[in-house]
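Now for the letters of each chain:
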Amino acid sequence: PPSNLSLVVVGLSAFNLTLEPPAETGLGNNTWPLAEYQTVVGEVCGADGKSSETLVSSFPQSGRSLLVPGMRKGCTYTLRVRARNEAGWGNFSSAVSRMFLVKSTAPLGFNVSNGVALEILLSWETPLDAGDGRIRTESLVLHYFVEIATDQQFKNVVRSYGIVNSKSMAVQGLEYGVGTFCRVAAVTVEGSGVFSVRFVIPSFPNLLQTSVFLGSNLTGAKGPIFISFKTSSKLGPRDVISITFPIGFGTSDAIFDSRPTSSFGPARAESQVPFPCGYNCNTSSLNVFVFREDGPILDKGSFVSFQLLQVVNSGWAGNPGIFQIRTLTPEGNVTIDADLSIPCPVIVPGLLLDTNFSLASYVTGESTTAIVSFSLSERNPFPNEGIITVALPEYLILLPNFQAVIRASDFSSISTQNFATGRNISFQNQGNEVAKGSLIRVVISGLRNRNTQGNTGPLSIRILSLKGAVIDQLLDFEGLTIVSGNLSDAFIAVADSTACEITAYHVSFRCGAVGLETKSFIAVQFPQVVFIQNAFITNDKEFSITVAGGSQGNTLVVLRISDTPINPYGNVSFHIRGIQNYFVGYSEAFQIQTLSFMSSAVMEQGSIAGVVYTPVPLEIGVVLERPYTVAEGLIQVNLKKRISPVMAGETGGKIKVEFPAGYYCPDDAYVELFPEIGGKSRFEYGTVSHFASSSGDSNAIFQQCPTLQGQDERSMCSTILTIEWLDSFLWPSTFSLQISVSSCINRILSCNSGGFTVTLSNRRGSVSSMNTSESLCLRPLFLPDISILSSTLVPDTQAELQFFLPAIRGFPRHFVVLIIFPKSFQFTS
């Protein structure tokens, strides 16, 4: 019969049967070739143990293996094989028996958790199917296989346990904070089954309520550091507390002080990295160990607080990193509890002292030198390889040929390497450390203020470590006031200075030290009496008007659009047309400013004297009905003129007629206009003093005459007639008017009594026209009916003269009678 039968599970329901052919295939020397094999399979399943046999199809004699399908998990199978040749079937082979099993499913309830420091605890249950199809057949499990890796694919396996005979275990000594993958599988006769996988991050039992407080948050400060925490595990009498400081902290002799926790017991502090490590010690951390010396056992949840003295905080500002606190076994090699991410309180820079900032020149655009001095703080020196950075104000720029020198308090030169970035100038100390409190003086030449007027903006100074962290600083030191430069040869010429006419202005000036940028503004401030809203510029290839009046007041802003700058002390000129004025007399001054295109700040400025504006002349003719002294009669004032553009087409306005001194028109005097154009008239009595006003609303001061009985005291006062329209009168382009005033009285005997002054103004009060007529020559009034009343015309007699006063109103109440006798008359008394 065949021999060496063997069964191997294939898939989930088949055996693979292998065998060796029979040793003899005939009798004696006679051999016959084998024809085929025949297999009989016996099956025993279930608790009743009933068996059955099944004949499996034959397979060729040339084969040595047979796939036997239809197997069921958990059943025991017995297989026998016989061979056939020409003589017939031989005997069956010895039986081979085996239970049909598959690989185990994954273990159930796989759990991974942190234990003590850097320890993980694993536990699991029997697989649901160990391979026999029954629920949790523990007996089929030979042992368990466990692996620990740092990657999900388990290529980086850090721990491997091939035979684990229990369903729980502990793995210690793993790396803190590194993600770890764990897996476990059941091993049966069919090999390793399916894995259960879990993820965990090894850690320590956390210290609770950890706190670190600095006695001083200033850079370089030396003082106490207060530390407190709550334990998660017991703290033994000789256990150790380890404090790892952020980089840069240091101490030469840390002192432990258990206050305020007196139950902590005696302890001593030892530092691992002594101080000083320099202000650039950013490669090693300070470690301080607190060794307990037979203190009491502190139970889990105990509150611990203490302070370390003589610790210097890091020599730069900001948050330098984190503190790490551990509780260790007495040997110091096993962590009990830990908190490895305690934020360091924010450290602020120290303050530089005695700062001073000045410029050699404060004029806009001029080259200048800045002098900056300050004192180092009393805590921090200027370290070797440290950096001092001076951030210049925004409006100070470095010229290509700038130079910077830094000196110490004894005016000895500090060995530095200078470099500039933007407006920051930095000095790196390449020599000896400069002592605390030293005076530092920085001189920077080759500066120019950035074509602006006003405050330069703040200055900032920082002292930095080699890595650029701040040690001491002074921010936003008060800036300096820059004054504008001066324009020279500023000149404004007006083409026509007649009041209210539309005219042109020629503007020219010479720049100062700034010149004009490729894009610059020129602001020309006109007197308030000038109307600029309709202005336009003639040389528009180089200039354009951007603002005319509006929020800028009576200012015309011109933008220079040329791409070619004007060099310092270069000449600028342009013409502006379409400007009107509303004023008679001497105007206020003109102002010219050049402004930065970017900031609109004043660069240079100048002032130009005002312009004398003359009125549009009126043609005035005056006719007196009775050109006699102390005569009452009709006065006609005839006007004729061309109305200026500012009044033509407007409604409303005034005509003011100022009579020569001595003319008096009573309140009932009648005013008649031809042509009839309406209006309201009124008389006033006083004196008028003409002057030049910049407001345009008035050009005279009127002083009321005293109100006394009779009219004699008014003989030197003028009568002023005002005719006013509101909206009822529209001024034509040409104007003629006859003004007749009745019942006015003249009391002047002189031929030089003065002329009549007439003023025209619009409803806003702006004078457009004014003129004075020629003086009128008045003759004495003839006294009629003089008679001599006497009884006889002989010598030595009395004579009586009689005459009658003129029948006019307003004859002087007080007067003198002068009688001139012939030469033959003599007076005896």
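A short tour of the structure in this document, coming up. Because the structure is predicted, anything quoted here is derived from the model rather than measured.

### Some points on the side chain of Thr368
Working step 1: Locating Thr368 in the fold gives a position in strand β28 (residues 367-375).
Working step 2: Taking the relative accessible area as the measure of exposure, Thr368 reaches 5% and is therefore buried.
Working step 3: At 3.3 Å, the side chain of Thr368 and the backbone nitrogen of Ala360 are in polar contact.
Working step 4: One polar contact links the side chain of Thr368 to the main-chain amide nitrogen of Ser361, over a distance of 2.9 Å.
Working step 5: Discounting chain neighbours no more than four positions away, the residues touching Thr368 are Leu359, Ala360, Ser361, Ile444, Ser445, Gly446 and Leu447.

### Observations concerning the sheet that holds strand β5 (residues 65-69)
Working step 1: If you walk across this open sheet you meet the three strands as β1-β2-β5, and the pairing is antiparallel. With one partner strand each, in any of the chains shown, β1 (3-10) and β5 form the two edges of the open sheet. Neighbour-to-neighbour, the strand axes of this sheet turn through a mean angle of 20°, independent of strand direction.
Working step 2: With six bridges connecting them, β1 and strand β2 (residues 14-20) associate as antiparallel partners. Directly across from Val9, in β2, lies its bridge partner Phe15.

### Focus: the environment of Ile608
Working step 1: Of note, Ile608 is situated in strand β49 (residues 602-608).
Working step 2: With relative accessibility at 9%, the residue Ile608 sits in the buried group.
Working step 3: Each C-alpha atom of the pair Ile608 and Ile592 lies 7.9 Å from the other, and the pair is 16 residues apart in sequence.
Working step 4: When sequence neighbours within four positions are dropped, the list of residues in contact with Ile608 reads Ala490, Phe491, Ile492, Ala589, Phe590 and Ile592.

### A short note on the sheet that holds strand β30 (residues 396-407)
Working step 1: Strand order in the open sheet formed by four strands is β27-β28-β33-β30, and the pairing between neighbours is antiparallel. Sheet topology places β27 (353-359) and β30 at the edges, where each strand pairs with a single neighbour. Strand-to-strand twist across the sheet, computed as the mean angle between neighbouring axes with direction ignored, equals 15°.
Working step 2: As paired strands, β27 and β28 are joined by five bridges and run antiparallel to one another. When the bridges of β28 are listed, Ser358 appears paired with Ile371.

### Points about the nonpolar core
Working step 1: Val637, Ile655, Phe659, Ile739 and Val741 are the most contacted members of the largest nonpolar core, which has 33 residues in total.
Working step 2: Per-element accounting of this core gives the leading share, six residues, to strand β59 (residues 734-746).
Working step 3: When near neighbours in sequence (up to four residues on either side) are disregarded, Val741 contacts Gly633, Leu634, Ile635, Phe659, Cys665, Ala669, Tyr670, Val671, Phe683 and Leu721.

### Concerning the packing of aromatic side chains
Working step 1: Tallied over the full model, the rule gives 17 aromatic pairs.
Working step 2: With a centroid separation of 6.1 Å and 50° between ring planes, the pair formed by Tyr505 and Phe590 is classed as tilted. Taken together, the residues Tyr505 in strand β40 (residues 502-510) and Phe590 in strand β48 (residues 590-596) connect sequence positions 85 residues apart. In this pair, the class of Tyr505 matches that of Phe590, namely buried.
Working step 3: The ring of Phe92 is capped by Arg80, whose NZ or CZ atom sits 4.6 Å from the centre of that ring.
Working step 4: The ring centre of Trp89 lies 5.7 Å from the NZ or CZ of Arg84, which sits over that ring.

### Focus on a nonpolar patch on the surface
Working step 1: The grouping of Ile788, Leu801, Leu805, Phe815, Val817 and Ile819 at the surface amounts to a nonpolar patch, some 520 Å² of accessible area in total.
Working step 2: If you trace the backbone, Leu801 turns up in strand β63 (residues 800-802).
Working step 3: According to the relative accessible area criterion, Leu801 is partly exposed, its value standing at 32%.

### A short note on unusual backbone geometry
Working note: non-glycine residues mostly have negative phi, and peptide bonds are mostly trans.
Working step 1: With a phi close to 50°, Gln209 is a non-glycine residue in the positive phi region.
Working step 2: Within the secondary structure, Gln209 sits in strand β17 (residues 208-214).
Working step 3: One non-glycine residue, Gln310, adopts positive backbone phi at about 65°.
Working step 4: Counting through the fold element by element, Gln310 comes out in strand β23 (residues 303-312).

### Section: the side chain of Glu119
Working step 1: In this structure, Glu119 sits in the loop between β9 (108-114) and β10 (120-125).
Working step 2: Within polar-contact distance, the side chain of Glu119 engages the side chain of Gln172 at 2.7 Å.
Working step 3: Those residues in contact with Glu119 that sit more than four places away from it in its chain are Ser113, Asn114, Ala170, Val171, Gln172 and Ser203.

### Side note on the pairing of β10
Working step 1: Of the two faces of β10, only one is covered, namely that formed by Ile120, Leu122 and Trp124; the face formed by Leu121, Ser123 and Glu125 stays uncovered.
Working step 2: Pairing of β9 with β10 involves five bridges; the strand directions are antiparallel. Bridge pairing in β10 places Asn114 opposite Ile120.
Working step 3: Examined bridge by bridge, β10 and strand β13 (residues 168-171) share four bridges and lie antiparallel to one another. Across the sheet, residue Leu122 finds its bridge partner in β13, namely Met169.

### Remarks on the pattern of salt bridges
Working step 1: Scanning all chains against the criterion turns up 12 salt bridges.
Working step 2: Residues Asp129 and Lys73 are paired through a salt bridge, measuring 2.9 Å at the closest nitrogen-oxygen approach. Here Asp129 is found in the loop between β10 and β11 (143-149), whereas its partner Lys73 is found in the loop between β5 and β6 (76-85), with 56 residues between them in sequence.
Working step 3: Among the residues examined, Asp129 registers a relative accessible area of 13% and is labelled buried.
Working step 4: One salt bridge connects Arg560 with Glu542, and the closest N-O pair in it is separated by 3.2 Å. Here Glu542 lies in the loop between β43 (536-537) and β44 (543-548) and Arg560 lies in strand β45 (residues 555-560), a separation of 18 residues in the sequence.
Working step 5: By relative accessible area, Glu542 is classed as partly exposed at 27%.
Working step 6: Where salt bridges share partners, they join Glu125, Arg136, Glu138 and Lys167 into one cluster.

Basis of the calculations
- Residues numbered from 1 in each chain as written.
- Predicted model: local features only at pLDDT ≥ 70, side-chain atom pairs only at ≥ 80, totals over all residues.
- Heavy atoms only, no water.
- Helix = DSSP H or I, 4+ residues; strand = E, 2+ residues; numbered from the N terminus.
- Buried < 20%, exposed > 50% of the residue type's maximum accessible area, 1.4 Å probe, protein only.
- Polar contact = N/O pair within 3.5 Å; in protein donor to acceptor, adjacent residues only side chain to side chain.
- Contact = heavy atoms within 4.5 Å.
- Pairing = 2+ DSSP bridges.
- Axes fitted to C-alpha atoms, helices over the stretch in contact; angles between N-to-C directions.
- Core = buried A, V, L, I, M, F, W, Y, C linked by side-chain atoms within 4.5 Å.
- Phe/Tyr/Trp six-rings, centres within 6.5 Å; stacked < 30°, edge-to-face > 60°.
- Lys NZ or Arg CZ within 6 Å of the ring centre and 35° of its normal.
- Patch = residues over 30% accessible without salt bridge, like charges linked within 9 Å, V, L, I, M, F, W, Y side chains within 5 Å.
- Areas by Shrake-Rupley, 256 points an atom, 1.4 Å probe, with all protein chains shown as cover.
- Salt bridge = Lys/Arg side-chain N within 4 Å of Asp/Glu carboxyl O.

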